[in-house]
Each structure stands twice: as structure tokens, then as C-alpha cells.
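Chain residues, written in single-letter form:
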Amino acid sequence: DVKVTQSSRYLVKRTGEKVFLECVQDMDHENMFWYRQDPGLGLRLIYFSYDVKMKEKGDIPEGYSVSREKKERFSLILESASTNQTSMYLCASSLGAGRNEQFFGPGTRLTVL
Amino acid sequence: QKEVEQDPGPLSVPEGAIVSLNCTYSNSAFQYFMWYRQYSRKGPELLMYTYSSGNKEDGRFTAQVDKSSKYISLFIRDSQPSDSATYLCAYGGANFNKFYFGSGTKLNVKP
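Residues numbered from 1 in each chain as written. Chains lettered and ligands numbered in written order. Predicted model: local features only at pLDDT ≥ 70, side-chain atom pairs only at ≥ 80, totals over all residues. Heavy atoms only, no water.

(A) Focus on unusual backbone geometry. Here the residue pair Gly-9 of chain B and Pro-10 of chain B is connected by a cis peptide bond, since its omega of 10° sits within 30 degrees of zero. With respect to the helices and strands, the residue Pro-10 of chain B is situated in the loop between β1 (4-6) and β2 (11-14). Residue Asp-28 of chain A is not a glycine yet carries a positive backbone phi of 60°. By secondary structure assignment, the location of Asp-28 of chain A is in the loop between β3 (19-25) and β4 (31-38). By relative accessible area, Asp-28 of chain A is classed as exposed at 51%. Unusually for a residue other than glycine, Asp-78 of chain B sits at a positive phi of about 45°. Tracing the sequence through the fold places Asp-78 of chain B in the loop between β8 (71-76) and β9 (85-92). (Helix = DSSP H or I, 4+ residues; strand = E, 2+ residues; numbered from the N terminus. Buried < 20%, exposed > 50% of the residue type's maximum accessible area, 1.4 Å probe, protein only.)

Spelled out as C-alpha cells, the structure:
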């Protein structure tokens, strides 16, 4: 079974703080993704990575950056957290090479005060 | 226009009913279609994964893709209270790793 884990289930931060969300997958997947999920808006792609040290912007990258130094780990960074970044953050991974189904982690519910 | 449209529900059915969940999509070039189930405060769980048109069955679940009308469906037979969740459809292309997700339909199966 594919396992995707995220560093925290719940996180509360203050406006202006730098926030790190970590994601680890254990199935040697090539591709990793960060989404945020908000009521009525569904899942929106923030960034994805198709290889170590490679990254691509998704639909809503503003205010976020990412890091992928190792194949199994993909980090999302909020450079200066703002209240409109309060959301559920979901990490996913996929094998690649035509096997594109994505497997999700449990999510991190981030509240920015 | 959104890439994929999905009725948010909620859809409420009695236990044992057949449930039909549907999405419409816009890009006819995409070939991969998925359905996810998401329980409250959890991450989405992959239920079905299909390529191109046709039906795929897995136990009580059947996924159907109609490319001529750009319509994807998930049928749940003999629905159970444990099926109560939000169901997300998603689709994407073979050469891209990016998928587009519907906003989800909330299903409630009453005992």
C-alpha cells in the first residue's frame, strides 16, 4: 500500500510567521503535489514536482514555495503566513510513467490567526 | 468555465439504494479519470481509476466514462451508511501529471 504522511494534522500559526509543511511518501513515486482544499472551491493545485529539485507552479502558487531535496520528501513553505492561507493542505504522490493516479496524505488543517 | 463540474449535494439516500454521482468535464483530450472518497477531516482516498471510455467495476462500485457527452459517473450499489462521505471526481491527460478535481458531492446514506 502506498503511504503518504504529512508532518502535522493540525497547525495554528500567527500572521507573518514562516510555516513549513512536510510530506513523505514511501513508494518511490516520481511525482509529488501540494493542494489546498477550501469549501466550495474544491482542490486547487499549489505546486508539483516531477523529480528531485524540480518544481512547477500550479494554479495558485502565490505566497508559497516548495522544496524537494530528496525523492521521498516534498515540503511546502508559506513565506509569511496570512489569514487567507487558513485551509486544509493536502499532499499527494503518483508513480509517473503513465501511472498517474494520485495518492493523498491525511491533510494538515492550518489556521493562521 | 471550470474544468470539471460536480453537483455539491448533499445527496441523501436510504440504505440499500443505488447511488449515482456525476461530473461533467471540458477537455476532451484528457484520458484519465478518477473517483475519490473523502471522509470528514481526512485526505481523499482513491476509489476508481479508469482510462478512456467505458465502464470499470470494483465490488459495489462502477465507474463510467462517456466521452461523447464529457460525462463521468460513479454508481454505488447496495449503499451502506459507511459510504457516507464526499465523493470527488478528477481527470487529466496522459502526458501531464496535473489533474483537475471537482469540488465534491456529499453523500449521506441513512440506516
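There's more to say after this.
(B) How the structure looks around the pairing of strand β11 (residues 105-110) of chain B. Residue and element names in this part refer to chain B. Burial of the side chains of β11 is restricted to one face: Thr-105, Leu-107 and Val-109 are buried, whereas none of Lys-106, Asn-108 and Lys-110 on the reverse face is. Looking at chain direction, β2 and β11 are connected through 4 bridges and run parallel. Bridging across to β11, Pro-14 finds its partner in Lys-110. (Pairing = 2+ DSSP bridges.)

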